[in-house]
Amino acid sequence: MKPAILVTRAVFPEILQLLAQHFEVESNQDDVIFSPQELAAKLQGKQGVFTTASARFNSDLLRQLPELKMIAQMAVGYDNIDVAACSAHAVMASNTPDVLNETTADFGWALLMATARRITESEHWLRAGHWHKWSYNGFLGADIHGSTLGVIGMGRIGQAIARRSMGFNMRVIYHNRSRLNAEQEAYANNASYVSKEDLLRSADHVVLVLPYSTASHHTIGAAELAAMKPTATLVNLARGGIVDDAALIAALRAKTIAAAGLDVFENEPKFHPDFLGLNNVVLTPHIASASEATRRAMAGCAAANLIAALSGQRPPNLLNQDVWKSKG
Ligand code: GLV
């Protein structure tokens, strides 16, 4: 008999067809968001789950699922999965690194440009019928070229963002849990490692690409926003919770920074409604990896991890190697 799996959210039909060659698949093409209780009920008797970051996997859930062997997440970030709890319950977990690096870096630039050069704000103004004459000081923004880019979280996506700054003749500074090696720094447009304080003080544009954890919660709060230049832009591509959104709203209102571009929010999709009343923020619905090719690649990667795990092979993107080792 084929192992039973749950696909927690709607996904490309060909991915369901691929999974059906290997598994008894319970899918959710109506894209219902399951409550924790519904998720626990749906996962009864399932050996695997193909999930997105919208479902939470913690010990409360895992202890109700003795048959579960593998959680394959279609995302690079996995703060919704308690990996230590997975290991404690001998459940493997995987993510989808690398396939989205370049697409996410492209989007980081789109958001930075739109924010610094006030693209969405001016478009809304135009659409609202306000454009009657050109003016010398209409929608003045901040230059990208020749400016200083500060990247907080210099992993693979951060490096891909930094590398793109070569074409804009920018200086790159970064802060990270650990310093990159010389080759990585050279690749990332000769990025210089600095303290978070120096980065916030010196950067014209700050881009956040670090993973969310309790340690990175509110990496940017009121004090950090106050340390930034009043002309600076802030871009959050990482996760809600890295920025204290209430503090950011206050800073954008008081113009202690110039503008922000946000693809992720605290409590998304129910983000703070006060963002909607601000002109100096560009808001996108968590779409940094959303190119056709990359979302397909992410889904294929998650499926490959699930298929490997449930056929006795090591999943290529296994997050908890300890579970694999303990299988002997
Ligand atoms: C998207 O946010 C991801 O983590 O892949």
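About the cut-offs
- Residues numbered from 1 in each chain as written.
- Predicted model: local features only at pLDDT ≥ 70, side-chain atom pairs only at ≥ 80, totals over all residues.
- Heavy atoms only, no water.
- Phe/Tyr/Trp six-rings, centres within 6.5 Å; stacked < 30°, edge-to-face > 60°.
- Helix = DSSP H or I, 4+ residues; strand = E, 2+ residues; numbered from the N terminus.
- Buried < 20%, exposed > 50% of the residue type's maximum accessible area, 1.4 Å probe, protein only.
- Pairing = 2+ DSSP bridges.
- Axes fitted to C-alpha atoms, helices over the stretch in contact; angles between N-to-C directions.
- Parallel < 35°, antiparallel > 145°, perpendicular 65-115°, else oblique.
- Contact = heavy atoms within 4.5 Å.
- Nonpolar A, V, L, I, M, F, W, Y, C, P; charged D, E, K, R; others polar.
- Near = heavy atom within 4 Å.
- Polar contact = N/O pair within 3.5 Å; in protein donor to acceptor, adjacent residues only side chain to side chain.
- Areas by Shrake-Rupley, 256 points an atom, 1.4 Å probe, with all protein chains shown as cover.
- Salt bridge = Lys/Arg side-chain N within 4 Å of Asp/Glu carboxyl O.

> Which residues make up the packing of aromatic side chains, and what values do they have?
Throughout the structure, instances matching the rule amount to 5 aromatic pairs. With a centroid separation of 5.2 Å and an interplanar angle of 10°, the aromatic rings of Trp109 and Phe168 are classed as stacked. Placement of the pair is Trp109 in helix H5 (residues 101-116) and Phe168 in the loop between helix H7 (156-164) and strand S7 (171-175), with a sequence separation of 59 residues. We classify Phe168 as partly exposed; its relative accessible area is 28%. Each member of the aromatic cluster is reached from another via a ring pair, and the members are Phe265, Phe271 and Phe275.

> Provide a residue-level description of the sheet that holds strand S1 (residues 4-7), including the pertinent values.
Spatial ordering of the open sheet is given by S2-S1-S3-S4-S5, a layout of 5 strands whose pairing is parallel. Lying at the two open borders of the sheet, with one neighbouring strand each, are strand S2 (24-26) and strand S5 (92-94). With strand direction ignored, the average angle separating the axes of adjacent strands in the sheet is 15°. Here 3 bridges tie S1 to strand S3 (residues 48-51), and the two strands are oriented parallel to one another. Within the sheet, the bridge partner assigned to Leu6 lies in S3 and is Val49.

> Break down the packing of helix H1 (residues 13-22) against helix H12 (residues 292-310) for me, with residues and values.
When two helices pack together, their arrangement is given by the angle between the helix axes and by the axis-to-axis distance. For the pair H1 and H12, interaxial distance at closest approach is 10 Å and the crossing angle is 10°. Between H1 and H12, the angle falls in the class roughly parallel. Within the contact between the two elements, H1 uses Glu14, Ile15, Leu18, Leu19 and His22 and H12 uses Arg296, Ala299, Gly300, Ala303, Leu306 and Ile307. Its residues assigned to classes, the contact of H1 with H12 comprises 7 nonpolar, 2 polar and 2 charged.

> Explain the site of the ligand to me, using residue names and the numbers behind them.
Around the ligand, the surrounding shell consists of Ala75, Val76, Gly77, Leu100, Arg239, His286 and Met298. Within the backbone of Gly77, one N or O atom sits 2.8 Å away from an oxygen atom of the ligand. Bound to the protein, the ligand loses 84% of the 190 Å² it would expose on its own.

> Before we move on, could you go through the pattern of salt bridges and cite the residues and values that matter?
By the definition in use, this model includes 17 salt bridges. Notably, a salt bridge pairs Arg164 with Asp106, separated by 2.8 Å at the nearest N-O pair. With Arg164 in helix H7 and Asp106 in helix H5, the pair connects residues that are 58 residues apart, well separated along the chain. Under the relative-accessibility criterion, Asp106 is labelled partly exposed at 45%. Counted as one network, the salt bridges with shared partners bring together Glu14, Glu292 and Arg296.

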